[in-house]
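Single-letter residue listing:
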Amino acid sequence: MKIKAVHSIKGVSKSLNSLLIDSVASGASIGFIAPLSLQSAHDYWQGVDGDLATPYRRLYLALDGDTVIGSVQLSLCAKANGTHRGEVEKLMVHSEYQGKGIAKQLMNSLETDARILGIQLLVLDTRQGDSASYLYRKLDYIEAGTIPGFAKSSSGEFDATVYFYKQVA
């Protein structure tokens, strides 16, 4: 398994579609409602691919051979007063590979790159009680607060989200 930063999804789009569909089906709160269609996954990744052509989006992949088994994104702020911060988005690890430290490796790669880019502050949010929140705490992210009823779940309930931050410089 290796972690790689990519500037295009060319050659891995099918794997990314599978990863996203699996993550949503497994209950990940990453902005989608299950069941997620292949077309919706494809459309999402095409949008990300377009964003990768700008200086404001980075994509990190965990690869098992040519198969994407995990990913995370770094969104950089384009505002003049926010060039020092970035947002961690859509950390995913395929359900068959969870519990093997892949998410931690993805986050470490993202944070290393963030430092190189001069990013001093990372922010993120996740559903309250999600397993990801435990990972973020282990990686020294600090809980900043909770917003109730923030995101609709696949079951139709409204879940709270927890915001975290980490100073990386």
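Just so we're clear, the structure is a prediction, and the values are computed from it rather than from any experiment.

**Concerning the sheet that holds strand S2 (residues 57–64)**
- Here seven strands make up an open sheet; going across it, the order is S1-S2-S3-S4-S5-S7-S6 and the pairing mixed. Each end of this open sheet is capped by a strand with a single partner; those strands are strand S1 (2–6) and strand S6 (142–152). For this sheet, the mean inter-axis angle between neighbouring strands, taken without regard to orientation, is 25°.
- Sitting on the sheet, helix H1 (residues 13–25) touches S2, strand S3 (67–76) and strand S4 (85–93), and the angle it makes with S3 is about 85°.
- On the sheet, helix H2 (residues 38–52) packs against S1, S2, S3 and S4 and is oriented at approximately 120° with respect to S2.

**Observations concerning the UniProt feature "domain: N-acetyltransferase" (unreviewed entry) in the protein**
- The positions that UniProt labels "domain: N-acetyltransferase" (unreviewed entry) are, in the present scheme, residues 19–169.
- As a span, residues 19–169 carries 30% helix and 36% strand, and end to end its C-alpha atoms are 31 Å apart.

**Here's the deal with the pattern of salt bridges**
- Counted under the stated rule, the structure contains eight salt bridges.
- Of the charged contacts, one joins Asp159 and Arg127 as a salt bridge, the two residues approaching to 3.8 Å between their closest N and O atoms. Taken as a pair, Asp159 in strand S7 (residues 158–167) and Arg127 in strand S5 (residues 121–127) lie far apart in primary sequence, 32 residues in all.
- Sharing partners across several salt bridges, the network here consists of Asp51, Arg57 and Glu89.

Conventions we followed
- Residues numbered from 1 in each chain as written.
- Predicted model: local features only at pLDDT ≥ 70, side-chain atom pairs only at ≥ 80, totals over all residues.
- Heavy atoms only, no water.
- Pairing = 2+ DSSP bridges.
- Helix = DSSP H or I, 4+ residues; strand = E, 2+ residues; numbered from the N terminus.
- Axes fitted to C-alpha atoms, helices over the stretch in contact; angles between N-to-C directions.
- Contact = heavy atoms within 4.5 Å.
- UniProt positions renumbered as here; feature names shortened; annotations may be inferred.
- Salt bridge = Lys/Arg side-chain N within 4 Å of Asp/Glu carboxyl O.

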